[in-house]
Every structure is written in structure tokens, then in C-alpha cells.
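Below are the chains, spelled out letter by letter.
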Amino acid sequence: MTKGLDRTPLDRTPLPRDFFDRSVLDVAPDLLGRTLVRRGDEGTIELRLTEVEAYAGEVDPGSHAFRGRTARNSVMFGPPGHTYVYFTYGMWHCLNLVCGPEGHASGVLLRAGEINVGAGLARVRRVSARNDKELAKGPARLATALDVDRTLNGSDLFDGPTPALSVLHGTPPSRDQVRSGPRTGVGGDGAHQPWRFWIDSDPTVSPYRAHAPRRRRAK
């Protein structure tokens, strides 16, 4: 248990679809403290979300949808309550939850969380983690721990009673525990938007890293 955080009894009521049918800047901080459930053939993992980032589509230079709809980002255009999973750096997957009105691309990147159920299964997938606080500390680690890949892209959080991924009400933190700042690794015109949200002092939150342009190798 993290010192200083309110741990009232967990509310296992699933969030309704209209929770996601709002502005991404309302949904993102409101996801903190919620319980993400991943169901699979090997078992179930539940984690408490501690860090997220908002991406506002066509008006956001940091978003994959900034330049419009493509085959890769089409799920971001709705309907809300679906997943957007992308592959990055040729090795990692990242999990996003689509939100906002249908037709306007936006989503929340799930950056980190505390695994409360199924830690043993997560350890098998995250053998390099030095302790349980590192199992889902960062978006690629979170996706790896939960066995999330492109086969889950576009999946519906409300697909029957036991969807592959769903979000429960959980235990949201108080407002004074929520912090915001620039998004990790975002450069250009979107670099300074304070659209990363996290629970203050939570040990599962990933470290902030500013964008570092790739250097071309000298010929």
C-alpha cells in the first residue's frame, strides 16, 4: 500500500460507456485510480491506473491522428469505449482507451499502474522487473505485463459480461493527489501541453523524460 493514499473499499462497478464519451482532458485524469481488468486464457490481471496521457487527435500535434484518419489510427475516431493498440520502435505495444464523441479522434495512453491481482502471471511476462512496482511502470511494460498486442486493437470494453479488457470504478484519488505536466517523449508543438496526469508520490509512476531527437549516424 502506498503511504498517504486513500484505500477505501474497491468499487467493482464497471464504468459505463458514456464515461468515455467526454473530452479527453476530462476522461484522462478521471481514469486515475480506476481498475483495469485484463482477462485471458492464462488468467486475469487487475491493476490500479496511476499514470495516463491525453491525446486530442486532429488538434494535437503529438497525436497519431493529427494529420487525419489512416488505417493505423482509424479506431481513434470512435466510437468511445474501444481500445487503440499501436506498435512502436519495432518491439513494444502501447494501450490506449478511445474517448470523446465519435468522429473526433482522441484517446488516453495508459502509462502505468499497480498490479493488485495476477502479479504472478505478470512476473512471468516481465522477468526483468526488479520488483512488483516495476511490473507496469511505463506504457510498454504495462502492455507486456497484460499481454496486450495488436490483436486487441479495436476491442470493445463493453463486449459482453467478460470482455478481454474492461475498466471498473476502482478507487479514484482525491483531487489534491493528482498532478499534471508535459507528456513523456513528445516533441515539436505538442511538447509542452500539460496532458500527462499521475497520482502524486505513487511508486509505480514512470519517470518523466523529455523528447530527445534521434541523431543521424555520420556517414
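Preceding this section is the structure that the text describes.
Summarised in this report is the structure supplied together with it. (Residues numbered from 1 in each chain as written. Predicted model: local features only at pLDDT ≥ 70, side-chain atom pairs only at ≥ 80, totals over all residues. Heavy atoms only, no water.)

1. Considerations on the pattern of salt bridges
For clarity, the threshold we go by: The salt bridge definition used is simple: a Lys or Arg side-chain nitrogen within 4 Å of an Asp or Glu carboxyl oxygen. A run of H or I in DSSP becomes a helix once it reaches four residues, and a run of E becomes a strand once it reaches two; helices and strands are each numbered from the N terminus. Each residue's exposure class comes from its accessible area (1.4 Å probe, protein chains only) as a fraction of the maximum for that residue type: buried when under 20%, exposed when over 50%, partly exposed otherwise.
Under the criterion given, the structure shown has 14 salt bridges. Arg12 is the salt-bridge partner of Glu46, the closest N and O atoms lying 2.7 Å from each other. Here the residue Glu46 occupies a position in strand S3 (residues 43-55), and Arg12 occupies one in strand S1 (residues 11-14), the gap between them amounting to 34 residues. The class of Glu46 is buried, set by a relative accessible area of 9%. Taken together, the salt bridges that share partners define one network made up of Glu51, Glu53, Arg111 and Arg196.

2. Focus: the nonpolar core
Defined as follows: Only buried Ala, Val, Leu, Ile, Met, Phe, Trp, Tyr and Cys residues count toward a nonpolar core, and they belong to the same one when joined by side-chain atoms within 4.5 Å. Residue contacts are defined here by distance: any two heavy atoms, one from each residue, within 4.5 Å place the two residues in contact.
By size, the foremost hydrophobic cluster in this structure holds 40 residues, and its most contacted members are Phe20, Leu31, Leu36, Val108, Leu110 and Ile115. In terms of residue count, the dominant contributor to this core is S3 (five residues). Sequence-distant contacts of Leu110, that is, excluding residues within four places in its chain, are made with Leu31, Leu36, Leu49, Glu51, Val52, Leu95, Leu97, Pro139 and Leu142. Grouped together as the second largest cluster of nonpolar side chains are twelve residues, Val75, Met76, Tyr84 and Val186 included.

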